[in-house]
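Survey of secondary and tertiary structure
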Amino acid sequence: MIKTYDFLLTAKRDKNFRAQMDEAVSSNTDCEICTDMHRLTFSSKSQTVSVTAKSKTSPFKENIIPKKITYKALIKMLDGDWNSIGPDDITDLL
């Protein structure tokens, strides 16, 4: 089962985690936020977040397809507005 976007479910349940994500998007600095499964790497310069497995040895590594998501798409995802995400807003990380 693919778990690439499961961090969004955590953000919906955990207000502190959601606040951390909102702060990362609105700040002008780079940062990382980790969950049990994910490593979210925020880049202020490119206005993107990279979603990867928390570590190379994570038991979920095979279930998380690395993605790069624009900040604007991430906000739309967090707000449940999936239909207005553009085709270039989410790309595979190679």
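The preceding data block contains the structure.
Now for a description of the structure that goes with this document. (Residues numbered from 1 in each chain as written. Predicted model: local features only at pLDDT ≥ 70, side-chain atom pairs only at ≥ 80, totals over all residues. Heavy atoms only, no water.)

**Re helix α2 (residues 15-26)**
Since the α-helix turns once every 3.6 residues, residues separated by three or four places project in the same direction. Our working definition: Only runs of H or I of at least four residues qualify as helices and only runs of E of at least two qualify as strands under DSSP, and these elements are numbered from the N terminus. How far a helix is expected to stretch is found by multiplying one less than its residue total by 1.5 Å. Burial classification: accessible surface area is computed with a 1.4 Å probe over protein chains only, and a residue below 20% of its type maximum counts as buried, one above 50% as exposed, and the rest as partly exposed. This arc corresponds to the set of directions leading from the helix axis out to the C-beta atoms. Residues are treated as being in contact if the distance between any of their heavy atoms lies within 4.5 Å. Polar contacts here mean pairs of N or O atoms no more than 3.5 Å apart (in protein, one a potential hydrogen donor and the other a potential acceptor; neighbouring residues in sequence count only if both atoms are side-chain atoms).
Under the 1.5 Å per step criterion, the end-to-end length of α2 is 16 Å for 12 residues, consistent within 8% with the ideal 16 Å. Looking at α2, one finds that the buried residues are Phe17, Met21, Ala24 and Val25. What you see down the axis of α2 is that its buried residues fit within an arc of 100°, all on one side. Turned more than 90 degrees off the buried face of α2, the exposed positions are Lys15, Asn16, Glu23 and Ser26. Considering only its buried residues, α2 is in contact with α1 (6-13), β1 (31-34), β2 (38-43) and α3 (71-78). Its side-chain oxygen 3.0 Å from the backbone nitrogen of asparagine 16, aspartate 14 forms the N-cap of α2.

**Details of α1**
Of the positions making up α1, those classed as buried are Phe7, Leu8 and Ala11. Buried residues along α1 cover an arc of 105° about the axis, so they all sit on one side. Facing away from the buried surface of α1 by more than 90 degrees, the exposed residues are Lys12 and Arg13. Elements in contact with the buried residues of α1: α2, β2, β3 (48-53), β4 (67-70) and α3.

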